[in-house]
Amino acid sequence: MNAQSSSPVAWPRADRRWPTAVVPFLLGLFLSTPVLAADLALVKALQLLDARVVPPAERESFANQVRDQQRRAIRDANERSSAAWQQIKTLDDWERFRTQELAALKRSLGAWPDQPSEIRTRVASTFNGDGFAIENLLFETRPGWWVTANLYRPAKQRESMPGILICHAHHTPKEHGELQDMGMTWARAGCIVLVMDQVGHGERRQHPFAMASDFDKPYRVGHADYSFRYDSEIQLSLVGESLVGWMSWDMVRGVDLLLARPGIDPKRLILLGAVAGGGDPVAVTGALDQRFAAVVPFNFGGPQPETRYPLPDDAETWFNYAGSGSWESTRNLRDSAAYGFLPWVIVGGIAPRRLVYAHEFNWDEPRDPVWKRLQIIFGFYSRQDFITFTHGRGAVTGSSPQDTHCTHIGKTHRARIHEAFRSWFGIEATPETEFSARLPADRLRCWTPELKVELKPKSLSTMTTELADQFAALRLRERETNPATGVQWRKLQQRWAELLRIKSDDPLAIVQVVPFDSPAGVRAEAVVLTSSSGNRTPVLLIKPTALKAGQAVVVAICSQGKSRLLKECAHDIAELLEGGTAVCLVDPRGIGESKLGDSHGRRSSATSMSSTALMLGTPFPGQQLRDVRLVLSWLRQQPDLKGRQFALWGESLAPPNPATSLFRQPRDDDGALPAPSEPQAPLLALLAGLFEEDVTAIYTVGNLTSWRSLLADYLVLTASDGLVPGALTSGDITDLMEPFCSGRRVRVEAAVDGWNRWVPNTPKRDGPKKWFDAVSIP
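Cut-offs applied
Residues numbered from 1 in each chain as written. Predicted model: local features only at pLDDT ≥ 70, side-chain atom pairs only at ≥ 80, totals over all residues. Heavy atoms only, no water. Helix = DSSP H or I, 4+ residues; strand = E, 2+ residues; numbered from the N terminus. Buried < 20%, exposed > 50% of the residue type's maximum accessible area, 1.4 Å probe, protein only. Contact = heavy atoms within 4.5 Å. Phe/Tyr/Trp six-rings, centres within 6.5 Å; stacked < 30°, edge-to-face > 60°. Lys NZ or Arg CZ within 6 Å of the ring centre and 35° of its normal. Pairing = 2+ DSSP bridges. Axes fitted to C-alpha atoms, helices over the stretch in contact; angles between N-to-C directions. Parallel < 35°, antiparallel > 145°, perpendicular 65-115°, else oblique. Left-handed = near helix turned anticlockwise from the far one by under 90°. Nonpolar A, V, L, I, M, F, W, Y, C, P; charged D, E, K, R; others polar. Core = buried A, V, L, I, M, F, W, Y, C linked by side-chain atoms within 4.5 Å. Lys, Arg positive; Asp, Glu negative; His and termini not counted. Salt bridge = Lys/Arg side-chain N within 4 Å of Asp/Glu carboxyl O.

## A short note on the overall build of the protein chain
Scanning the protein chain from N- to C-terminus turns up 24 helices and 17 strands. Over its C-alpha atoms, taken along the principal directions, the protein chain stretches across nearly 95 × 60 × 60 Å. Residues classed as buried in the protein chain amount to 60% of the 778 residues present. A sequence separation of at least 24 residues applies to 77% of the contacts in the protein chain between residues at least 6 apart.

Put into structure tokens, the structure is as follows:
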């Protein structure tokens, strides 16, 4: 998928299901066949069945079950964090707590590489200005992974120079005027200033939309890099990494670059993070890299631009220290709420080094509970002089001159920063002496055709694919060392238990039987299963009038919910029932009756809630798997089903994208993009089969052909709530299909790739009964 014109041909996908309009045609065609007529009568009855199980009076609250659970969990995380803070009375208390939390933070970022003693660098060009010079340079932070940067330095080298690294906002890359002003001003004041393009921005963008002319319709050019952060995070997370982790590592190597410069003062290294996405990775990097003598993270740690102003009097208990999830992964850090490294802890971890606590707009100093904690932390070190603040005026919602919007770090915000730098480091710059002689962006570009040929920079797609290949090679060696299927199955279970955060059982606590009218010829039972943690799962169990002896129970999960499955796949269900098979329709949390929303795009509620789930420590598929396993345990206790085995049916009804879809377009509008795949149910069927030994057959429709296919290009089209961070470190989807248990078989039909296109070498949909009959379920 490196270019749309050269993408593999996507064969048109066959009709995958039996639309209601087909039924009258079939009825006329086969009217002379009594069995099929009966089949069609049952099909129609099933299609007309209301599959909702939750009683009407409870449906509204049940629909918000996931959101309410997450709100309670975030509140609990805040309370745990505040309780931990209340126990901190001394410097030793704080340092034990800080060490523990920062270690958890570092683990969450992914694996930082070994730090080479030297750093490969190329200077593309140099511009000599009035009292300063700019080097347009490239430096390598991982093999083949090059960072583009502007290095501002004094026109004449000085004996001892502070080093300043600036992380830009998500608005624009390194060439923006505010960044130039800071680089020139501080270089003229005797500093070396490094302004890098962050991962996916500027000359490091992974997509082709750099100018308005790059697309034939209007789009927000300045937001293109920002929007595609979503795709970069998905690709990195699949190989066990994170976008904020890669940003942080680039900055760590940026420090190495500064320290390699003659005359740099290693005791005067400063890190600044701009508003709107620059402060997040800067706070993380500043807390972890002790070489920085001062850190200035904007809009991170305490009240955000969106937080109400002024704060309430009870802000200490009212404030949401943890935050909540969204598609912007650098703001809502994975595992942060589960393990306690909330933003205030990360910013506090900068102490006893110097800190400028920075806010873009109005700031309620007297009521800010994080500011109070930071002052106490610095007080433990008797370094109250090492903490200060800067802030603007107005609000993010305002548009008057009194609202201090800026692109990176505005002149208003820099005034107190100059004051702090002068006091701490002897940097003589003031608002009055600031210098501005802004250059056109093309004068600050680093890549040349010759350098691209020489250095062979790799894309993020290539980098993540190579990591996936390394993990695949490791797993292959494991199998060659010990080929026993039982051993490999147990290892795969262990790895997936870790990825899914399966720590303990959540046993069944309450079975709520719901009155339900059965269609003619079958028996339907509706129940809501409540686990010991309070999660509720609606289940519709449909049995034939006569169960076939020894026949497995089919447990069916649909990404779009059991109601859609019943209507669109009624023919398949009718076939199973008439063959003497019981069919159990399940809505795990976030699906069907408690669905996360009607879409799965970047800005959808599904994406936000799956992100919150990662903050809380358990990926959404891990929580859903718990629900499916709870249903299986309940089914095992049913008197007429005891001793039976299970067949799992995971179906996605999301249509694939035609090969002619316009994939090459900006991410401005989720609705304009081709649709993402929704493979949650097929994945759940495979995962349940991995952990449950009495599963004899699995049938999936609409699953991803591989997670590796999501790495093939800059655009990812799949539901993020169906993904598990680190999945490719344990293998790929095909590894979940291995027949580890004797007699188990897996059938994959109508699989799709990373752009949600049908994969031609997978069978088209043919229905579950043929497969379940073919594998001779006992």
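## Concerning the packing of aromatic side chains
Counting across every chain of the model gives 26 aromatic pairs. Between Phe228 and Tyr714, the aromatic rings sit 5.3 Å apart at their centres with planes inclined by 80°, giving edge-to-face as the arrangement. Here Tyr714 lies in the loop between strand E16 (695-701) and strand E17 (745-749) and Phe228 lies in the loop between helix H7 (224-227) and helix H8 (229-238), a separation of 486 residues in the sequence. Tyr714 shares its class with Phe228; the two are buried. Chaining the aromatic ring pairs together yields one cluster made of Phe209, Phe215, Tyr219, Phe228 and Tyr714. In this arrangement the basic side chain of Arg383 is found over the ring face of Phe386, its NZ or CZ atom lying 3.8 Å from the centre. The ring of Trp327 carries the charged tip of Arg602 above its face, separated from the ring centre by 4.6 Å.

## Quick look at the sheet that holds strand E12 (residues 536-544)
Ordered in space as E10-E11-E12-E14-E13-E15-E16-E17, the eight strands form an open sheet in which the pairing is mixed. The sheet is open, and its two edges are formed by strand E10 (508-514) and E17, each paired on a single side. The mean inter-strand angle of the sheet, taken between neighbouring strand axes irrespective of direction, is 20°. When strand E13 (residues 553-558) meets strand E15 (residues 646-651), the two strands line up parallel, connected through six bridges. Across the sheet, the residue bridging to Cys558 is Glu651, located in E15. Lying over the sheet, helix H22 (residues 620-636) contacts E10, strand E11 (522-531), E12, E13, strand E14 (583-586) and E15, oriented at roughly 45° with respect to E12. On top of the sheet, helix H23 (residues 680-691) reaches E13, E15, E16 and E17; it is set at about 155° to E15, its chief contact.

## Things to note about the packing of helix H6 (residues 177-188) against helix H15 (residues 411-425)
Following both chains from N to C, one finds H6 and H15 inclined at 25°, their axes separated by 14 Å at the closest point. The angle between the axes of H6 and H15 places the two elements in the roughly parallel class. Of the two possible hands of crossing, H6 and H15 adopt the one that is right-handed. Side by side, H6 and H15 meet where Glu178, Asp181, Met182, Thr185 and Trp186 of the first sit next to Arg414, Ile417, His418 and Phe421 of the second. Along the lines of polarity and charge, the residues of the contact of H6 with H15 split into four nonpolar, two polar and three charged.

## As for the sheet that holds strand E3 (residues 145-154)
Pairing is mixed across the open sheet formed by nine strands, whose spatial order is E1-E2-E3-E5-E4-E6-E7-E8-E9. Only two strands of the sheet have a single neighbouring strand rather than two, namely strand E1 (121-128) and strand E9 (387-390). Each strand axis lies, on average, 20° off the axis of its neighbour in the sheet, ignoring direction. Alignment of strand E7 (residues 294-297) against strand E8 (residues 354-358), held across two bridges, turns out to be parallel.

## Quick look at the nonpolar core
Membership of the largest hydrophobic core comes to 106 residues, with the highest contact counts inside it found for Trp186, Leu272, Trp344 and Phe421. Looking at this core element by element, the count peaks at seven residues for helix H9 (residues 243-259). Once residues within four sequence positions are removed from consideration, Trp344 is found in contact with Ser81, Trp85, Trp94, Phe97, Gly301, Tyr321, Val370, Arg373, Leu374 and Ile377. Formed by 69 residues, the second largest nonpolar core is a distinct cluster that contains Leu460, Met463, Leu648 and Phe691.

## So, the side chain of Arg229
Relative to the elements of secondary structure, Arg229 occurs in helix H8. The charged side chain of Arg229 is buried without a salt bridge, its nearest counter-charge being Asp280 at 5.6 Å. Sequence-distant contacts of Arg229, that is, excluding residues within four places in its chain, are made with His170, His201, Leu243, Met247, Gly277, Trp327 and Thr330.

## Overview of the packing of helix H4 (residues 65-86) against helix H21 (residues 605-615)
One can describe the packing of H4 onto H21 by two numbers: an axis separation of 11 Å at closest approach and a directional angle of 35°. For the pair H4 and H21, the crossing hand works out as left-handed. Contact residues: Val66, Arg67, Gln70 and Ile74 in H4; Ser605, Met609, Thr612, Ala613 and Met615 in H21. Per-class residue counts for the contact of H4 with H21 are five nonpolar, three polar and one charged.

## Looking at unusual backbone geometry
With an omega of -5°, the peptide bond between Tyr309 and Pro310 qualifies as cis. Assignment of secondary structure puts Pro310 in the loop between E7 and helix H11 (315-318). Cis rather than trans, the peptide bond between Ala351 and Pro352 has omega equal to 10°. Along the chain, the position of Pro352 falls in the loop between helix H13 (343-348) and E8. The backbone of Asn299 sits at a positive phi, close to 55°, despite the residue not being glycine. Tracing the backbone through its elements, the reader meets Asn299 in the loop between E7 and H11. The phi torsion at Asp335 lies on the positive side, around 75°, for a residue other than glycine. Mapped onto the elements, Asp335 comes out in the loop between H11 and helix H12 (336-339).

## Regarding the pairing of E11
Where burial is concerned, most of E11 is hidden: eight out of the ten residues are buried. Here six bridges tie E10 to E11, and the two strands are oriented antiparallel to one another. In the sheet register, Val513 faces E11, and the bridge partner there is Val527. Where E11 meets E12, nine bridges bridge the pair, whose relative direction is antiparallel. Each residue of the ladder has a partner; that of Arg523, found in E12, is Lys543. Between E11 and E12, which follow one another and run antiparallel, lie four residues, and Gly534 among them has a positive phi close to 100°.

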